[in-house]
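# Remarks on the overall topology
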Amino acid sequence: MTSGRGPAVRTDAGRWLVFGLGNPGRKYARTPHSIGLESVAQLAADLQVPRRKRTYKAVWGVWRTHRSPSAGEGDVPHSASVLLATPQVYMNLNGFSVQRLMQAERVKPSQLLVVHDHLDLPLGRIRLRARGGSGGNRGVESVIAQLGTREFHRLSVGVGRPPGRMDATAYVLRPWNPGAEQEAVVPLRSLVGEAIVYWFRYGLEQAMNRYNGVP
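Residues numbered from 1 in each chain as written. Predicted model: local features only at pLDDT ≥ 70, side-chain atom pairs only at ≥ 80, totals over all residues. Heavy atoms only, no water.

### Quick word on the nonpolar core
The biggest cluster of nonpolar side chains holds 35 residues, and the ones touching the most others in it are Val18, Leu84, Val115, Ile126, Leu155, Ile196 and Trp199. Ranked by residue count, the leading element in this core is helix α5 (residues 178-202), at eleven residues. Formed by 19 residues, the second largest nonpolar core is a distinct cluster that contains Trp60, Val62, Met91 and Met102. (Core = buried A, V, L, I, M, F, W, Y, C linked by side-chain atoms within 4.5 Å. Buried < 20%, exposed > 50% of the residue type's maximum accessible area, 1.4 Å probe, protein only. Helix = DSSP H or I, 4+ residues; strand = E, 2+ residues; numbered from the N terminus.)

### Points about helix α2 (residues 94-105)
Helix length check: α2 (twelve residues) gives 17 Å between terminal C-alpha atoms against 16 Å at 1.5 Å per residue, within 8%. Taken together, the buried positions of α2 are occupied by Asn94, Gly95, Ser97, Val98, Leu101, Met102 and Glu105. Mapping the buried residues of α2 onto a view down its axis gives an arc of 160°, with all of them on the same face. Here the buried face of α2 lies against β1 (15-20), β3 (58-64), β4 (81-87), β5 (112-118) and α3 (138-147). (Expected span 1.5 Å × (residues − 1). Arc of directions from axis to C-beta. Contact = heavy atoms within 4.5 Å.)

### Description of the pattern of salt bridges
Between side chains of opposite charge, a pair can form as their charged atoms come close. In total, this model carries six salt bridges according to the counting rule given. The partner of Arg15 in a salt bridge is Glu105, and the shortest N-O contact between them spans 2.8 Å. Here Glu105 lies in helix α2 and Arg15 lies in strand β1, a separation of 90 residues in the sequence. (Salt bridge = Lys/Arg side-chain N within 4 Å of Asp/Glu carboxyl O.)

### Concerning the packing of aromatic side chains
Summed over the entire model, instances satisfying the criterion amount to six aromatic pairs. Grouping aromatic residues by their ring pairs yields a cluster made of Trp16, Trp63, Trp199 and Phe200. Lys53 extends its terminal NZ or CZ atom over the ring of Trp60, reaching a point 5.3 Å from the ring centre. Cation over ring: Arg154 sits above Phe152, and NZ or CZ is 4.2 Å from the ring centre. (Phe/Tyr/Trp six-rings, centres within 6.5 Å; stacked < 30°, edge-to-face > 60°. Lys NZ or Arg CZ within 6 Å of the ring centre and 35° of its normal.)

### A short note on the environment of Glu141
Mapping Glu141 onto the fold places it in helix α3. Looking at Glu141, the relative accessible area reads 35%, which means it is partly exposed. Between the C-alpha atoms of Glu141 and Asn92, which are 49 residues apart in sequence, the distance is 7.6 Å.

What is shown is where atoms sit, not what they do.
Structure, rendered in structure tokens:
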């Protein structure tokens, strides 16, 4: 049972990492396979977090909190911070960037959220999980292989199945139809950003309750 005060604010501080999987570069921009990358980049822009660091084959910046939570506020302790990162290597090597960044910045697997595309979720749906397999996503496979564990948080972003008999690889690497992008993908990126902030502020369980199954 929950109280009428809303979800409990996260009280643990430390270093957190949100990593948006994808393929860097113009060739792969605005494609289903890079929606994780682009959603995290959009969130950083919305939060006015400069991502000027280019180390560990990643582009990243730090979202810091500047004040302690007050009663009834949805905020985190001032000592907490989130690294908002995207890769500078291709999808099947994304795990290398994640592992190096976590090691250098002392981020634990329990403080990692990987954001990635998911073919088996309808376009516009998202799902948060605590652990699991790769679901056939090469980027997630790479993260699991490099970390040696499946125990990290994931935010799966639904991109839907390819139409007709189109090959799945061709589908995820093809740019969005402009009409579909404006109608569905732009709002989806915003929803992903909102879910990431909620995950950080209130924890995975509360975020799952709020966003899993949201159309």
